[in-house]
Amino acid sequence: MTILDSLTEALSRLPGIGKKSAVRIAYYLLQADSAYNERLATEIRELKNRIRRCSVCGNYTEHDPCDICTDPSRDRATICVVEQPQDVAVLEASREYRGLYHVLGGVISPIDGVGPEDLSISTLVGRLHEEGVQEVILATNPTVEGDTTALYLVRMLEKRGVKTSRLALGLPVGGDIEYADRLTIARSLRGRTPLSADE
Ligand SMILES: [Zn+2]
């Protein structure tokens, strides 16, 4: 395999990049300025070296705890629970939310063998006590797994006397928070619905 073939193969594994685009990118890089290629290679390498998960919320960060967890101006009585770190970035971009976050690291999915114990739920429970949390906003994706996970958390949180609400309005069913636009996110945060396990 030539370096060009091997690079094309590696690039085609990136999300949203098909074989054709991979070939186009490989040829682009071949003709690009060496400094650009050097920077790209260094930044890809450094990404994993520098970025870790925040030990409090699970978000990606260059320093632990992350900027959101250490920001004194954030409302510490509210935690927004999301599936993945990229969901935090989407919700932050809406500029609608000033509370804290908690990244589950996935969703309950029996088919994939993922149970509650595989998600960072125990650390969430720990935070409820430590930070005096009054409301938990469940911002898992509106999918079967996302809903199952939200319901599991509602039952658990209600037993602990924490108010829960679900980010729902405006988000397409089966959709992905990661791809929702800013306005939709802002609207669904404002219109969040209180939840009860009896529903
Ligand atoms: Zn954090």
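## Description of the packing of aromatic side chains
Here the structure, examined in full by the defined rule, presents two aromatic pairs. Ring geometry for Tyr28 versus Tyr36: centroids 6.3 Å apart, planes at 85 degrees, classification edge-to-face. We classify Tyr36 as partly exposed; its relative accessible area is 35%. Centre to centre, the rings of Tyr97 and Tyr101 are 5.1 Å apart; their planes meet at 65 degrees, and the pair counts as edge-to-face. Classification of Tyr97 as buried rests on a relative accessible area of 6%. Tyr101 sits in the buried class, given a relative accessible area of 2%.

## Considering the nonpolar core
It is characteristic of soluble globular proteins that their nonpolar side chains tend to be buried jointly. Cys80, Val81, Leu91, Val136 and Leu153 are the most contacted members of the largest nonpolar core, which totals 37 residues. Of all the secondary structure elements, the ones that give two or more residues to this core are helix 4 (67–70), strand 3 (75–82), helix 5 (85–93), strand 4 (99–103), helix 6 (121–131), strand 5 (135–138), helix 7 (144–159) and helix 8 (182–190). With five residues, helix 7 is the largest single contributor of residues to this core.

## Let's talk about the coordination of the zinc ion
In this structure, Cys54 (SG), Cys57 (SG), Cys66 (SG) and Cys69 (SG) serve as the protein donors to the zinc ion, at separations of 2.3 Å. For the zinc ion, the four donor atoms are set out with angles of 105 to 116 degrees between them, so the coordination reads as tetrahedral. Sequence spacing of the donors to the zinc ion: C-x2-C-x8-C-x2-C. Neither Cys54 nor Cys57 differs from the other in exposure class; each is buried.

## Points about the packing of helix 1 (residues 3–11) against helix 2 (residues 19–31)
It is the contact of helix 1 with helix 2, at a shortest axis distance of 8 Å, that shows an interaxial angle of 130 degrees. With respect to helix 2, the axis of helix 1 lies oblique. The handedness of the crossing between helix 1 and helix 2 is right-handed. Between helix 1 and helix 2, the residues in contact are Leu4, Leu7, Thr8 and Leu11 and Lys19, Ala22, Val23, Ile25, Ala26, Tyr27, Leu29 and Leu30, respectively. Considering only residue class, the contact of helix 1 with helix 2 consists of ten nonpolar, one polar and one charged.

## Some thoughts on the domain arrangement of the chain
Each assigned domain of the chain is listed with its residue range as follows: domain 1 (3–50) and domain 2 (68–194). In this structure, domain 1 and domain 2 have C-alpha centres spaced 34 Å apart.

## Some details on the confidence of the model for the chain
Per-residue confidence for the chain gives a mean pLDDT of 89; residues scoring 70 or more make up 90%. Of all secondary-structure elements in the chain, the lowest mean pLDDT belongs to helix 8, at 71, while strand 4 reaches the highest, 97.

## Let's talk about the sheet that holds strand 5
The mixed open sheet is built from five strands, whose spatial order is 4-3-5-6-7. Both edges of this open sheet fall to strand 4 and strand 7 (193–194), since each of them pairs with a single strand only. In this structure, strand 3 lies alongside strand 4, joined through five bridges in parallel fashion. Bridging from a neighbouring strand, Val82 pairs with Val103 of strand 4. Of the strands in this sheet, strand 3 and strand 4 are in contact with helix 5, which crosses strand 4 at around 155 degrees. Its contacts with the sheet place helix 7 against strand 3, strand 5 and strand 6 (163–166), and it is angled at close to 165 degrees to strand 6.

## A word on the side chain of Arg74
As for its placement among the helices and strands, Arg74 is situated in the loop between helix 4 and strand 3. With a relative accessible area of 5%, Arg74 lands in the buried category. Once you skip the residues sitting within four places of it in the chain, Arg74 turns out to touch Ile68, Glu92, Tyr97, Arg98, Gly99, Leu100 and Tyr101.

## What about a nonpolar patch on the surface?
On the surface, Tyr28, Tyr36, Leu40 and Ile44 cluster together into a nonpolar patch covering about 400 Å² of accessible area. Of the residues forming the nonpolar patch, the biggest block, three residues, is contributed by helix 3 (residues 34–50). Turning to its location among the elements, Ile44 is positioned in helix 3.

Calculation rules
Here the residue index of a chain counts from 1 through its sequence in written order. Where totals are concerned, whole chains, interfaces and linings use all residues; where local detail is concerned, this predicted model gives features only for residues with pLDDT of at least 70, and gives and counts side-chain atom pairs only at 80 or more. With hydrogens and water set aside, each side-chain value is computed from the structure's full complement of heavy atoms. Stacked, tilted and edge-to-face are the three classes assigned to paired rings of Phe, Tyr and Trp, where Trp is represented by its six-membered ring and a pair needs centres within 6.5 Å; plane angles under 30 degrees give stacked, over 60 edge-to-face, the rest tilted. Using a 1.4 Å probe on the protein chains alone, a residue whose accessible area is under 20% of its type maximum counts as buried, one over 50% counts as exposed, and one in between counts as partly exposed. What we call a nonpolar core is a set of buried Ala, Val, Leu, Ile, Met, Phe, Trp, Tyr and Cys residues that are connected through their side-chain atoms within 4.5 Å. By the criteria applied, helices consist of DSSP H or I runs no shorter than four residues and strands consist of E runs no shorter than two, each listed in order from the N terminus. In this listing, donors mean N, O and S atoms no farther than 2.8 Å from the metal, or 3.2 Å for Na, K and Ca; water is missing from the atoms, so a site can look incomplete. Note on geometry labels: four donors, all angles 85 to 135 degrees, give tetrahedral; four donors become square planar and six octahedral when opposite donors are over 155 degrees apart and every other angle is between 65 and 115; remaining cases are irregular. To obtain each axis, a line is fitted to C-alpha atoms, and for helices this fit is confined to the stretch in contact; angles are then taken between N-to-C directions over 0 to 180 degrees. Under this scheme an angle from 65 to 115 degrees is roughly perpendicular, one under 35 degrees roughly parallel, and one over 145 degrees roughly antiparallel; angles in between are oblique. Rotating anticlockwise by less than a right angle from the far helix to the near helix defines a left-handed crossing, while the corresponding clockwise rotation defines a right-handed one. The contact rule is simple, with two residues in contact once any of their heavy atoms fall within 4.5 Å. For this scheme, ten residues count as nonpolar: Ala, Val, Leu, Ile, Met, Phe, Trp, Tyr, Cys and Pro. Four count as charged, namely Asp, Glu, Lys and Arg, and the remainder, Gly too, count as polar. Domain ranges listed in this record stem from an automatic or a database domain assignment. Across the chain, each position has a pLDDT score giving the predictor's confidence in that residue, from 0 to 100. For two strands to be treated as a pair, DSSP must find no fewer than two bridges joining them. A residue counts toward a patch only above 30% relative accessible area and without a salt bridge, and it is joined to like-charged neighbours within 9 Å or, for Val, Leu, Ile, Met, Phe, Trp and Tyr, to nonpolar neighbours within 5 Å. With residues, only the protein chains shown are counted as cover, and all accessible areas are computed by Shrake-Rupley using a 1.4 Å probe. For this document, the term salt bridge refers to a Lys or Arg side-chain nitrogen within 4 Å of an Asp or Glu carboxyl oxygen.

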